[in-house]
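Residue-level structural notes
So the chains spell out like this:
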Protein chains: 2
Amino acid sequence: MTMLHQRRNKTARKKAKGKGSKTSRNRARSTKHVYSFGDGGADGDRTLRNLLGGKGANLAEMCNLGLPVPPGFTISTEVCAAFTATGGEYPAALAKEVDAALAKLEASMDKGFGDPANPLLVSVRSGARVSMPGMMDTVLNLGLNDDTVRGLAERSGNERFAWDAYRRFVQMYADVVLEVKAAEGEHFDPFSSALEAVKKRRGVENDTELSADDLRGLVATFKKVVKARTGRAFPEDPIEQLWGAIGAVFGSWQNERAITYRQMSGIPSDWGTAVNVVAMVFGNMGPSSGTGVAFTRDPATGEKRFYGEYLMNAQGEDVVAGIRTPRAIEALEKSSPKAYRELLRIQKKLERHYRDMQDLEFTIEDGRLFMLQCRAGKRTGFAAVRIAVDMVRERLITKEEALLRVEPESLNQLLQPIFDPSELAKARTGGRILTKGLNAGPGAATGRIVLEARRAEEWVEKGEGPVVLVRIETSPEDIRGMQAAVGILTSRGGMTSHAALVARQMGKVCVAGAGELEIDYAKRRMKVGKKTLKEGDWISLDGSTGELFAGELATRPSEVTAALFGKGRKSKPKKGGVLDAYQQLMKWSDAVRRLGVRTNADQPDQCETAIGFGAEGIGLCRTEHMFFEGEKIDAVREMIMSDTTAERERALARLLPLQRKDFEGIFKAMGSRPVTIRTLDPPLHEFLPHDDKTVKALAKDMGVSPARLFAKIESLHELNPMLGHRGCRLGVTYPEITRMQARAIFEGACNVAKRTGVKPRPEIMIPLVGAKRELELQEKIVRDVAEEVFAKKKLRVPYLVGTMIELPRAALTAGEIAEHAEFFSFGTNDLTQTTFGISRDDAGKFIPQYVEDEIYAADPFASLDRSGVGRLMEIAVTDGRASRADIKLGICGEHGGDPSSIEFCENLGLDYVSCSPYRVPIARLAAAQAALNSK
Amino acid sequence: MTMLHQRRNKTARKKAKGKGSKTSRNRARSTKHVYSFGDGGADGDRTLRNLLGGKGANLAEMCNLGLPVPPGFTISTEVCAAFTATGGEYPAALAKEVDAALAKLEASMDKGFGDPANPLLVSVRSGARVSMPGMMDTVLNLGLNDDTVRGLAERSGNERFAWDAYRRFVQMYADVVLEVKAAEGEHFDPFSSALEAVKKRRGVENDTELSADDLRGLVATFKKVVKARTGRAFPEDPIEQLWGAIGAVFGSWQNERAITYRQMSGIPSDWGTAVNVVAMVFGNMGPSSGTGVAFTRDPATGEKRFYGEYLMNAQGEDVVAGIRTPRAIEALEKSSPKAYRELLRIQKKLERHYRDMQDLEFTIEDGRLFMLQCRAGKRTGFAAVRIAVDMVRERLITKEEALLRVEPESLNQLLQPIFDPSELAKARTGGRILTKGLNAGPGAATGRIVLEARRAEEWVEKGEGPVVLVRIETSPEDIRGMQAAVGILTSRGGMTSHAALVARQMGKVCVAGAGELEIDYAKRRMKVGKKTLKEGDWISLDGSTGELFAGELATRPSEVTAALFGKGRKSKPKKGGVLDAYQQLMKWSDAVRRLGVRTNADQPDQCETAIGFGAEGIGLCRTEHMFFEGEKIDAVREMIMSDTTAERERALARLLPLQRKDFEGIFKAMGSRPVTIRTLDPPLHEFLPHDDKTVKALAKDMGVSPARLFAKIESLHELNPMLGHRGCRLGVTYPEITRMQARAIFEGACNVAKRTGVKPRPEIMIPLVGAKRELELQEKIVRDVAEEVFAKKKLRVPYLVGTMIELPRAALTAGEIAEHAEFFSFGTNDLTQTTFGISRDDAGKFIPQYVEDEIYAADPFASLDRSGVGRLMEIAVTDGRASRADIKLGICGEHGGDPSSIEFCENLGLDYVSCSPYRVPIARLAAAQAALNSK
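A short tour of the structure in this document, coming up. Note that the structure is predicted; figures quoted are calculated from it, not measured.

Conventions and cut-offs
Residues numbered from 1 in each chain as written. Chains lettered and ligands numbered in written order. Predicted model: local features only at pLDDT ≥ 70, side-chain atom pairs only at ≥ 80, totals over all residues. Heavy atoms only, no water. Contact = heavy atoms within 4.5 Å. Buried area = accessible area lost by both parts, 1.4 Å probe. Salt bridge = Lys/Arg side-chain N within 4 Å of Asp/Glu carboxyl O. Polar contact = N/O pair within 3.5 Å; in protein donor to acceptor, adjacent residues only side chain to side chain. Helix = DSSP H or I, 4+ residues; strand = E, 2+ residues; numbered from the N terminus. Nonpolar A, V, L, I, M, F, W, Y, C, P; charged D, E, K, R; others polar. Pairing = 2+ DSSP bridges. Axes fitted to C-alpha atoms, helices over the stretch in contact; angles between N-to-C directions.

1. Observations concerning the interface of chain B and chain A
Residue-level contacts link 50 residues of chain B with 50 residues of chain A. Interface area, chain B with chain A, both sides summed: about 4,500 Å², of which 53% is carbon and sulfur. Considering only the surface of chain B that becomes buried against chain A, L723, R809 and K845 of chain B emerge as the three largest contributors, covering 14% of it. Between chain B and chain A we count six salt bridges in total. Between D865 of chain A and R809 of chain B there is a salt bridge; the shortest N-O distance is 2.6 Å. Our count for the chain B to chain A interface comes out at 28 residue pairs in polar contact (both at pLDDT 80 or more). Listed by contribution, the elements that provide at least two residues to the side of chain B that touches chain A are α28 (706–716), α29 (728–733), α31 (772–793), α32 (808–812), α34 (828–836), α35 (847–852) and α36 (869–883) of chain B. For the side of chain B that touches chain A, the per-class residue count stands at 20 nonpolar, 14 polar and 16 charged.

Structure below.
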């Protein structure tokens, strides 16, 4: 279950709740349980989706449109609710209503249900408001028994067809209604086994080669199996069959898989499913019959062309089974020209009517076309963007509708490198899949396993890459190795672990927390189950699904990133392509959204990427990431090892020009856009090595005794580093660090202003403030340094001083803190950790279960927790504004790139969200949707 | 600075603010800056303490009472405020007012200021609202110069006396007003050096042996030094002298020591000091003169007897200097019978007037008594209790006043073992003090150093104790060693570290976080500075001050604990003793307080102690502490090592009877009092050893491979265990643990009910709840088990299910959580940690500086943070009550024993507080005070 999925379903739920007034009214009043359709009309229509389910509502709608739909009736979701509530009882009036609907259906079809001479056969299907795997799907050919099968044979003039239909019905009914499954120790269910036995006896390979007699024999065998396994005879009475199937559909609403799916998707259990009973039409009645599925536009690319496939003389399940290869829909023009022309007409009509791309199912019975289903078609991100934009250009929908049509997360597909789809499919079925972790950094990567960051760099330098860095967990020391790698894989840590955070910011593919991996650094190998992979072996990661594959898999950049950042990126995109559509959609988003969108970036190249993706500034520049490069880490370590303020200041003086250069690079890249720079945040021990060998080597380099270095590391050790001596607590204890950083920022800003003529706009952000006075002290240092630098440089740049709100106490005392803060930036990663009392790094042991058991509605580190963290944010916003009306408010936690959280930020009235560069487009679209939804 | 001190001063500040309306009114209107007193009347009185300072107000008050006070005048604190604000300027009218007051003083004394024939001499002293070390104290004999000294000699008929006075004046004035101090490289200030030189030259040992000529020579030498060091001549003009001294007093309000003291004590800098100018009277004018200090009751024991000491022919400083031994006050009856009788009369009058024990300073000049100061006398905890109770019995004060008179913290003295005071004083001055840590567990302990918990047990068993357990920090594994030791000493950790918490609960003496200790487990020794102490050496801890002494110091139990828990504890206390007074005070407290007082206890013996101290129930029984004993830890480890639920259940089945027995012991001890039992809270890795040797030994014991045990320990390792897999998260992941604990509780309760006929009242508390559903799941387990046990035992006991509120999210969603909670208990330790984002264990690196720099008003782990943590509590109380009106509310964090926090709990309307057994009496008194103050 991806977050995307979850979110989408939650949105669905919310919308359903929001717009459910009609249903509620129906519920309150409705005494009607059964809705008939057919003969060019219907009791219901598509507005009754909540009552009739998606399938039922659309069948009714198609009838109302005058389209050829086999007649039938829908038993409403309210009956399901009653059935569930009473433990299996139906409303008193139901039987009568079903009888009436059935009579109507018989009349319409001019057949009799259970009539041996001219039997009416029906399909029975479930159909909830939203498509739900896990529920009972379909029983076909219901109404057949030892008498009616003969009528069907006579009427169709095809005995084999009739017995094949009967064989299928008994098998299906026994499976899904009577639940006769493979017993313990059996490899197959008893029906498949019997079928195989007959085929073997006859020496044939395909079902189609069995004779009518073979099938008759099978039906008898199947019925014996049913009697033996259930203790009861297979029901011969069609009415009994029908009620059995209806009960099975309603009962399946409460089966384990359905419950699990609902919980994962946030679907309320009181929605219930409807039951659709539809007259059978047959695509397998001979060469002039057939069946197929189609889309009104290409669901992969979004291209405007009728797209689909079909099989003549086949039932729907044959298309799915893959025994015969279906043909492209265009060929139908030859196979069944009249039906094809009608289908073309209908698909156009349906798309125009629904104003969206449709997914259709049809059957041709003896040359006559029947529509079995229509619904909004699933599509790739590419197709979603292109279809939405095209439909606006075709004046089918408005710009606003187009914006609401595209799932923000799906933009990921447009931006990330991808595996070759056919190779990927082969790898999946070919047993190359190793395990699955968290899809922490989307995209596809393939490279050689390296287990140490330094080695990752070396291999790439020596041209022995590409490499995938594999670690139990990563730390800031690994940054350069992560940069060198094409992908990052960890066996521990969640969606917001260090690896995941940094990878997303770098735009690296990342699979995190693959718990089945056993990594052995010493032996330079890792095990997954019984497989062992050595350092140097090839591995492939799908960061969009979390899958891990052994060996190499070809990847390619997406069209959009190729265009935005590849060669010739300045050239205008081809009109009508996905790139053109993407850019159009982004333009519309920008016009609609109120929230600003910034990025979290620490390096000039990240800034450029983010600007390419439309970032309007930096919302979080983590200065410590800069500290790990080359000379800088030496100076940082020298500073940490200092025993006196004087020593520390000497080390900081060495660091100053290096850090200033960092900031100059960023200011140059960002021009006059605001750049929020956070002063040093992590505890100092993060900058020191921890393993014996490296410590000894470092001690030698630094010219101190290993004992002293070990002692320093020991003295800096913390039991709970997350809650330790970090953030502004460092700046308060060692004001000289803040002073150096402020100096580097302002000197860098002045230098760039002089060189380029464009004034940078630094916003200095003090982290982990929990008391007003902390900020007051740090603010004074920053402002004093600023004035000093401006005086010396004879130049001023505009700047702000503000704070992160990332501790509950900061939110609770925001009124006071705002006295010293020109802006608040909600650091919702840490705020979530402290509000919940959960360490992201350690949460892997219980959060997945918590989400599964619905203890948390969603992983609070992925989607902002509104009632806890959100309430603190509300307090901070209200009190902060009361104290300083024009305070600038933003968010820079990972939630800044999560659409649901962005919606909450819009409702709170924040000024901007900030997220990793590759999520900027997603945030722009999500912000636009939030603005539209809040109207 | 102790917390007690801080609190007291904060209360003072608050009261001052609260009752400051009169002062503010005075401020707004007052044009009067100088207040005269003398001749049986005064401009001011004691209600003007804010304006006149403590000393000035009391001098005025004594004059109004008609007592013999040398006349003088007070320059108000407002002048100090103006002086500070303007950087040293006085209000325009001041000079005139001072002139007038001086003239009045001259008239009253019939002497002239600067009159060579009959000179008026004055003392100049500072005097703020509260006594404040660090400010300029006193200049005596001001008004002397080369002319007036002669007049003084003549008038007194004692030339040596006059020159001695002059010598003292020049020395004092040069020191405190002109600030001529020892220069760099000098061991003594130049005046002391010159004095010593003369004494050496004269071959004498005491100042008193110097002649008038010697002194005259010294005055000349002193003046030369002043000229040389300051570049200016010593001021001869008495008026210049006076303004110099006034300026020095006002200036000293802003000196570094004074500022530091104010910050530590929470005294606002705008209070300012007053200046008192008082006519000199001389106790050193001959054998019929003298000086002394006295208390209206014994400040050590509280006994009702006039208590004090005096010296004839001496000035106040001689009493302090300790060269001559002062005599007990009773002897004054012989030395100066008239003065003694008057003093007796006055002390009675003053005590009755002020309705409190008074601290007096007096001088007898030639047989005539003068009162120089009176103020409420400082007293020990013993005295405070006894005096308060006695005064009620004497009908001097009401019971309510008595309750408000005793600092709750001071009760500690009555309950803890103490060092022999004279030995302690010797140890302090004799260089035996090693270092100072945090006074984490009050009392005195002396024993042999042991560096390992297991060895501590062994030594005590072998009779080689008493031992002091010394650890870098303690962990739950050390519990039995802690129990065996008489005291606990750690080099790391704060006031609420594991060591501190457990020690206080056990009533053990504890000094925590003595950072100067370097403990070397391997070499079995520790270093403090250059001293090395080996295991087995004797050491003494004063847990009330945090001091550490080398060697043995005799201790003894306090009278109260000896009486409560020693032999013959049933016998009625001696009427009038401290024990009687203590019990009386507690009785009054109980009658007045609204808050219930419970205790945090895990063992039957702790329960008995707590009941002895008046606990009304258990507010927190930590079940995990029970897990470390003998067989239990084996079963716990077996449970942790289990790979499957079935294995875990087997291990839990072994644990069940052991844990049931634990609960039976507690229920028996507590009778029908409520017992709040917290289900398992700490992360599982706390129960596994971490050092190589112990792990290997344990693996052998458990019959598993060391590799497997190491792997388990590694898999349980957490980066931030405080925020990890603990609390109810364990119970949610492993419901069988909660089930076992619930079973042990209810079976134990039923067994005890059957055996004793008294029904226990368990209250099952689920820890670390952050989401309603966590509690819902755990509640169901508890209630299901309860019903099952009750059915089997054919007996019900009353019980509640509730939760700790110890995470911000719990407070923020308390409305929902209350749907499943019959009670909330605020776990303010963890709530403070998460609200501030501070780990108690790691906070030692910055919290002390934070408190010193006033970033935090107080250590939030010692005194509840009202604006952050308190605001969350308010939210939880409001929302919890809205959801469940009769929800029971308590607090079980360490704050439950802190008087200021108890006051907050009273205001919040909680039902009870719970604290460690030895703090129960403190909490009872504090709760009574809170109830009185809230009226």
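2. Focus on the sheet that holds strand β29 (residues 800–805) of chain B
Whether parallel or antiparallel, the strands of a sheet pair through hydrogen bonds between backbone atoms. Residues and elements named next belong to chain B. Taken in spatial order, the eight strands line up as β25-β26-β27-β28-β29-β30-β31-β32 and close into a barrel, and their pairing is parallel. Shown here is a sheet whose adjacent strand axes are inclined to one another by a mean of 30 degrees, direction ignored. Two elements, strand β30 (residues 823–826) and strand β31 (residues 888–891), share four bridges in a ladder whose sense is parallel. Its bridge partner lying in β31, S825 is registered against G890. In this fold helix α26 (residues 645–670) packs onto β26 (618–622), β27 (674–678) and β28 (761–766), with an angle of close to 155 degrees to the strand it touches most, β27.

3. Here we look at the sheet that holds strand β32 (residues 912–915) of chain A
Residues and elements named next belong to chain A. Strand order in the closed barrel formed by eight strands is β25-β26-β27-β28-β29-β30-β31-β32, and the pairing between neighbours is parallel. Here the average twist between neighbouring strands, direction ignored, is 30 degrees. Examined bridge by bridge, strand β29 (residues 800–805) and strand β30 (residues 823–826) share three bridges and lie parallel to one another. When the sheet's bridge partners are listed, T803 is paired in β30 with F824. Helix-sheet contacts for helix α39 (residues 920–934) involve β25 (596–600) and β32, and the interaxial angle to β25 is about 155 degrees.

Treat this as a map of the structure, not an account of what it does.
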